[in-house]
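Understanding the architecture of this molecule
Residue strings, one per chain:
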Amino acid sequence: MAFDLVRKRLTKELKLLIENPTPGIRVVDDNSDMRKIRIDIEGAPGTLYDGEKFQLLFKFSDQYPFDSPQVTFIGPNIPLHPHIYSNGHICLSILTDDWSPALSINAVCLSILSMLSSCKDKSRPPDNDWYVRTASNDPKKTRWWYHDDSKYSKGKQMTP
């Protein structure tokens, strides 16, 4: 019953994504399981990730859109990026602290594409190995520290 409202919101979001696709973003699933949705994204032209293909997995709770989705990179091609861990976890404030119910699947994908597009160096976060060994499977359980990237500082987690 509670998920019926979530299903309605997600149906509307997915319809918009399919009927008016954003370049570089494509819905993969047939949407039979609205709790988990896979999205393909493609690196923007002229960036370090130009033409590279990645896959995101969105997981939704009964509280969506008031609770942010769990979003991770999945599959064999997880981008090398200072804010993306090798287990697919993404250090991006809109996925936790700065989430707003006004955001959508498309807005999250655009934020991730923007983060990839502004990258100057393909590398893992400096604490990648430790984080991957100690983190929960749910990246929303991580307490992230968010830093100003103007000096290329990394988004770091406080506790896994």
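For the structure itself, look to the data block above.
What comes next is a walk through the structure. Quick caveat: nothing in here was measured; it's all calculated off a predicted structure.

1. Brief notes about the overall build of the protein
From N to C terminus, the protein includes three helices and six strands. When the elements of the protein are put in sequence order from the N terminus, they spell out α-β-β-β-β-α-α-β-β. The buried share of the protein, taken over its 160 residues, is 44%. Long-range pairs, those at least 24 residues apart, make up 59% of the contacts in the protein with a sequence separation of at least 6.

2. Quick word on the pairing of strand S3 (residues 53–59)
Extensive coverage of S3 is indicated by the burial of five of its seven residues. Bridge count for strand S2 (residues 36–42) against S3 is seven bridges, and the pairing is antiparallel. Across the sheet, residue Ile37 finds its bridge partner in S3, namely Phe58. Bridge count between S3 and strand S4 (residues 70–74): five bridges; the pairing is antiparallel. Note that in S4 the partner of Leu56 across the bridge is Phe73.

3. Comments concerning helix H1 (residues 2–19)
Across its 18 residues, H1 extends 27 Å between first and last C-alpha, which sits within 8% of the 26 Å expected from 1.5 Å per residue. Within the sequence span of H1, burial applies to Phe3, Val6, Leu10, Glu13, Leu14 and Leu17. In an axial view of H1, the angular spread of the buried residues amounts to 100°, which keeps them on one side of the axis. Across H1 from its buried face, at more than 90 degrees, point the exposed residues Leu5, Lys8 and Lys12.

4. Describing the pairing of S2
Pairing geometry for strand S1 (residues 25–27) and S2, over three bridges, is antiparallel. Bridge pairing in S2 links Val27 to Ile39.

5. Here we look at the nonpolar core
Residues Ile39, Ile41, Ile105 and Ile112 are the most contacted members of the largest nonpolar core, which totals 35 residues. Elements supplying a minimum of two residues to this core: H1, S1, S2, S3, S4 and helix H2 (105–117). Here this core takes seven residues from H2, the largest share from any one element. Excluding anything up to four places from it in sequence, Ile105 contacts Leu10, Glu13, Leu14, Leu17, Ile37, Ile39, Phe58, Phe60 and Tyr64.

6. Some thoughts on the packing of aromatic side chains
Evaluation of the coordinates by the stated rule reveals six aromatic pairs. Their ring planes at 80° and their centres at 6.0 Å tell us that Phe54 and Phe73 sit as a pair that is edge-to-face. With Phe54 in strand S3 and Phe73 in strand S4, this pair connects stretches of sequence that are 19 residues apart. Here Phe54 falls in the buried class, since its relative accessible area comes to 2%. Ring centres of Tyr85 and Tyr131 lie 4.3 Å apart, and the angle between their planes is 40°; on these two criteria the pair is classed as tilted. Here Tyr85, found in the loop between S4 and H2, pairs with Tyr131, found in helix H3 (residues 128–134); they are 46 residues apart in sequence, far enough to count as distant.

Calculation rules
Residues numbered from 1 in each chain as written. Predicted model: local features only at pLDDT ≥ 70, side-chain atom pairs only at ≥ 80, totals over all residues. Heavy atoms only, no water. Helix = DSSP H or I, 4+ residues; strand = E, 2+ residues; numbered from the N terminus. Buried < 20%, exposed > 50% of the residue type's maximum accessible area, 1.4 Å probe, protein only. Contact = heavy atoms within 4.5 Å. Pairing = 2+ DSSP bridges. Expected span 1.5 Å × (residues − 1). Arc of directions from axis to C-beta. Core = buried A, V, L, I, M, F, W, Y, C linked by side-chain atoms within 4.5 Å. Phe/Tyr/Trp six-rings, centres within 6.5 Å; stacked < 30°, edge-to-face > 60°.

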